[in-house]
Every structure is written in structure tokens, then in C-alpha cells.
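Topology and contacts: notes
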Amino acid sequence: MMARLALCLFIAVDLVFVVWGQTTHAPIIPDLPPPPTFPSVVNESVSVFVGEPVPVSPDVRVTIDCGPLIDASIVANPDITWFKNGNPITNGSAVNVVISQDERFCIVTDTLLAVGGQLGTDGNYSCEVCSDPTTCNTNISELVVCGEPHLSVPGPSIINPFIITISCGQNVTVASLDGVVRLTINCGVFNGSEPLIFKVYKDGVLVGNTVPHVIASPDDDDAGTYTVVVCTRLCGAAYATSRILLQGDPPDIDEGPFIPEPPSVMNGTMTVRIGTPIYVIDGFDVVINCNIVGGTPPITITWLRNGAPDPTRGNVSTITVTDASDGDVFTCRADNNIGFDMHTSTIREYEPPQILPIPFPTPPPDEVAVSTGIPSNTVVGTGTKVTVYCPSSGIGVPSIVWFKDGVMITASGRFMISTTTLAGAVTTSVLMIDDFQPEDAGVYSCRSTNVAGSALGEVPLMQQACPACPPPAVETISSDPDECSVCADWIPDPFGECSLDCHLGVQTRDVRCIDLNRNNQTVLDTFCDPATRPNEEQSCGFGPCATGWRKGPWSKCSRTCQTGYQRRLVECIQMGLVVPDSECGISLRPKSERFCNGHIHCFPCKDDYPKFCPRIMGTPYCMKEEYRKACCWSCGND
């Protein structure tokens, strides 16, 4: 019962019909009556207070309670009278209606739907409570026994050069409507509780209130999708659609690739194709091309921004956006008399590359492997083979260059460089040093660059200062001088971010004691000279700090692949104390949220409908479970 009653609201919000073999959403239909709040049915019974509407299905027991009026009476035992449609009710005077012994309740024992002249239990039930013959209070409940409305197909559609009659729910294709004398959209028998409300829509716009719907002397502009709706005031609705198609081809828009492509950048302007995610660089204008590659003229182009028509964009195939914001959704829709095509792109801020902290493969025991994304001080023995990894993100394939102590490295002799890219998302450059020598010690860095900026990662490689010693038989450190002397030294990690932008902040780092003879294994601090231990803290941010923003570290990305979010704490600090953000200037507040991992694709997640799914990318449809499953890649699910 509740599903039938909710149908009227469903049509008013999201009418669905089939065109060209695809599910398409019609425009919102705003003028259908919304349903009331329906009483709960428990064990085929409904209980309400008098004054509440009672829409119910047949074969339900309904109890109407006059208690509020009785409780409000100024006398203890008021006179109580029940009426149906203005006529007093006594037990047996109305079909399936009884009055309780204390007259507080009017009970409809079994609701009946009036059909073909048969008396039903529909009507206005009122309770009158009188304290004296001149002081009475009355309230009314309308009881409606709902019959679900139906539309039926009266027969096959009729098409001839002068008269076209289309049965609801059927589609027809004609060469032209010019010269036709009469066009009729017809539906068959209607059932349901009175009164019935009829609506006829063409392409989502109300064009009539009666059925059959007749158009005299139609022309080709009358081709389109017609939706016939029959709706009851309280008991639900039904609908059927018919489509009149003209021979020819619908528009076809040149669709961009699913994977973001590097934009064309020239003179501060980025040019992209509709249908692909648009990654923009801050401060650049964006030109979006909507190229029509097929379809029968005339074709009209409409631009939408965030789902609403953009009145500043005319019937043009190319637009320039000067005020693009992260998350904006632009849609290009092309229409002709045969159909339409549309594609959507979502604006995303073009991220500069990042050096990623991706773990590297464990090397053989006689080799050393390090990563610029996991910085650490590493001691290398003479003759060791060293592999340095530089994993980088970036839209497209970023350019990666290697340096030693600031001087560019080229592949030659004992230095080899290779680069691999995983599905256009992560590019890893690998520097291999064969037969490490003392002169190879230094700071090795990689710089990854794309059109939005660059990122630098570095890792120090230090020459082993102690004589080599064979590894022990077991993986433990012994202080037994007969086995091999421990050659230990302090290794500090890089300092972390300053806790304050100004005033007096603190940077911290870890300092470890390692054994250089045993593959840099951490040992007890007692093996290292305490007098040479590096500092674990240092002051930072000595500048004046009347007010300033304090930025916490970024959280982990909410997703390991596809676009996620990172958050951090941003506070306004004044003389070391947290104060309201207004003291630091809201317009200068650093970002506390940002997108991340938009460049990493999720596998084996894919779109089940590769032509349809990109159209809903970035729209509210991706919030619905069924769309997220069918359009996994476009809606960003892993």
C-alpha cells in the first residue's frame, strides 16, 4: 500500500522513461499534488484521531478516536454523536461501521471500495461533542479507500498521411508531421479513487489536462516525448510515455577520454574537450570544446553549470570559463528533432606532482635500496650496488630529472636511469649506482615536473667510515671484540615541519645509533659517542607573530585510489595562544581540505555502461548505491 501511495511523489520528483535504449531522466514535474502523511498499518489495522485524513487500502480495519474532543469538554459526560457525510451513525445504520459502547470510537470494521454503484466505506466521518445544546465541538476525518489508478493501451497506434493516433506507452517514427491534420495521444481505461487528475507533458513541460490529448495541424516541432499521468489526490498515480521520432540521426558530441588528458596550455588559457575530467591550474582560464560530429540539422546547443542552464552561454560549441571553481560541473547538451546527446565534465584543481612514500622492494643482502619518498640517512659501503627510487604522482606523465649535490646526473658508466609509468597514475624513476665509491657519497635528489609545478625528493648517501666486517652468523649485535668490533655512529632523520609559522616554534627529528658494519642496523645508544649526538629538537619560526596561522600535518588520504580527501587542523595563533580565525583574516586562511590520489586508478573497478557512466560523473546520481555499482569508475568507487 505505501509503495502505491508514494508513486505520486515519485513521479513529481524523478520521472523515468526509456529513449534510444538508455535510461533517461525527464525534467522535474512540479505541479502534481504531494501526498499527505499516511497512517501506519499494524496487523491490517489503522488508528487515527478524528480530524486526520485516512487514506487506506481495502480490507483494513479503521478506528477513529474522538478522545481529543471529549477530553476538551468542560463537562464530565458530554453528549457524543457520530456522523457520516452529515448523517448520524448508529450501529447498523452504515455498512461495516460500528460505534463503541462509550461512543468514543467509530470503527470501520472492513474498508470497502465503491465500484459499479456498490456502496463503499469512503466518506467524511465527524464526531460532535456537546457540553450543552448550544456548546458543541466538531471535527472531521476524510476516509478514502484507495483504488490504484491504471493506464491501459487502447490498441495499436494508427499512422496515415493525415491522422496519427498514438497509444500511450508506444513509440512511432515518421518522416515528418507537416501536413498531418490531427495528432492524438490516447490512453485507455482509467481505474482508481475519484477524483482523478490528468496531466500531459511534452519533454517535461505541461501541455494539457485531458486525455486523449489532441493536437490540430501539428508540425515537426511537436515531435518529442509525451508523458501521460493520472494521479489521485491521496491514493497514488500512474504514468505512461510515448515518443514521436522523426527520421534522421540524433546529435553526436565528440566525447573526451575517461582518463584525464593533459590540457593544451597557451597564453594563460587551458583548452580541453567536454566529457573528460578537467584539471585546471589556478589562475588560468578554461576553454571547453563541445564538438558536434554528427546529427541531423538544425542542432541546438545548451550549456549547464552545476545542473542549471547557464544563461550567459548561447548556442555555441566553445565556451571560456574565467571563474572556474573546484567541483563545478559543466554539461553540454545538443538537441534536434530526433533526440539529444550530452556530456559532462567536472572541474578539478590541477595538482602539481608529489613524491610518494611508496615502499620499495627489499634488496638482496649485499645491496642497498632507498627511496626519495621515504627520506633517511643511509651509509653505503665501497663496492655496494645502490638502487634509488623516485615514485611520483601527476596528471599525465611528469618529467623526472636526477641530481647529485645539485648537479644533474645523466645515465653513463656506473649510473643507470630507467622510468616506468603505472596506468598513467604513478611514474617511478629508478637510479642505479653500480660499485659505489667514496666519491659517490652525497645528496641524491629527483625533481618531478608537470604543467602545474614540480616536486623535489632527496636522500643522502654517506660513505662507510669504518673498516668492513663480515656479518655475524645470527642477526643480532654482539659487543664481543673477538667476533668483530662494532662500528657505530649517530644517524639523524630530517627535521619535521615547524609547529608555528612565526613566533617560537619547534622542529623535531629522530636520532638513531647504527652499526655501519652490519647493514646500518640500529643498536643501543651506548655504542655511540654521547658527546657527538645530534640535537633532536631545534627552534624555528623566529619572526614577529602578532597573529599567524598554525598548520597541522595533512591526514592520510581517505582513499587509496581514485579521488579522496585530506584534512588538517588550521588555527589562528596570537602570541602562542589560539584565537578566533577573524583575528588572522579569513581570506588568508590556509586550506584545511584538499583532494588527493585523483591520479591513481582503482582496479579492477570499471564502468558497466561506458557510454552512459561518464555523463553522471560528479553529479548527485553517484550518491545512489545502484549508480555507484554500475558506474564504479566514473563515480569513484574502489
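With that out of the way, let us pick up the confidence of the model for the protein. It should be kept in mind that the predicted coordinates are not to be read in detail where pLDDT is low. Counting all residues, the mean pLDDT for the protein is 77, and 79% of those residues have values of 70 or more. Confidence drops under a pLDDT of 50 for residues 1-36, and excluding neighbours within four residues, the segment shows 81 contacts in the predicted structure. In the model, residues 470-484 has pLDDT below 50 throughout and makes 18 contacts with residues more than four positions away in sequence or in other chains.

On to the state of the cysteines, then. Taken as a whole and assessed by the stated rule, the structure comprises six disulfides. What pairs with Cys 130 in a disulfide is Cys 136, and their sulfur atoms sit 1.9 Å apart. Disulfide Cys 130-Cys 136: torsion about the S-S bond near 110°, hence right-handed. Residue classification places Cys 130 among the buried residues on the basis of a relative accessible area of 10%.

Further remarks concern the pattern of salt bridges. Under the criterion given, the structure shown has 13 salt bridges. With a shortest N-O distance of 3.3 Å, Lys 404 and Asp 405 are connected by a salt bridge. The class of Asp 405 is partly exposed, set by a relative accessible area of 46%. The salt bridge partner of Arg 533 is Glu 536, with a shortest N-O separation of 3.4 Å. You can call Glu 536 partly exposed: its relative accessible area is 36%.

Moving on, we come to the sheet that holds strand S35 (residues 399-404). Strand order in the open sheet formed by five strands is S33-S40-S39-S35-S36, with mixed pairing between adjacent strands. Both outer strands of the open sheet, strand S33 (378-380) and strand S36 (407-408), are each paired with one neighbouring strand and no more. Taken together, the six bridges between S35 and strand S39 (residues 442-450) define a ladder with antiparallel strand orientation. Of the residues in S39, the one forming a bridge with Phe 403 is Ser 445.

On to unusual backbone geometry, then. With omega at 5°, the peptide bond leading from Val 211 into Pro 212 counts as cis. When you line up the elements, Pro 212 lands in the loop between strand S17 (205-208) and strand S18 (213-216). A positive phi angle, near 65°, is found at Asp 59, a position not held by glycine. Tracing the backbone through its elements, the reader meets Asp 59 in the loop between strand S4 (54-56) and strand S5 (61-65). Phi angles above zero are rare outside glycine, and Glu 103 is one such case at about 65°. In this structure, Glu 103 sits in the loop between strand S8 (97-99) and strand S9 (105-108). By relative accessible area, which is 34% here, Glu 103 ends up partly exposed.

Rules of the game
- Residues numbered from 1 in each chain as written.
- Predicted model: local features only at pLDDT ≥ 70, side-chain atom pairs only at ≥ 80, totals over all residues.
- Heavy atoms only, no water.
- pLDDT = per-residue confidence, 0-100.
- Contact = heavy atoms within 4.5 Å.
- Disulfide = S-S within 2.5 Å.
- Buried < 20%, exposed > 50% of the residue type's maximum accessible area, 1.4 Å probe, protein only.
- Salt bridge = Lys/Arg side-chain N within 4 Å of Asp/Glu carboxyl O.
- Pairing = 2+ DSSP bridges.
- Helix = DSSP H or I, 4+ residues; strand = E, 2+ residues; numbered from the N terminus.

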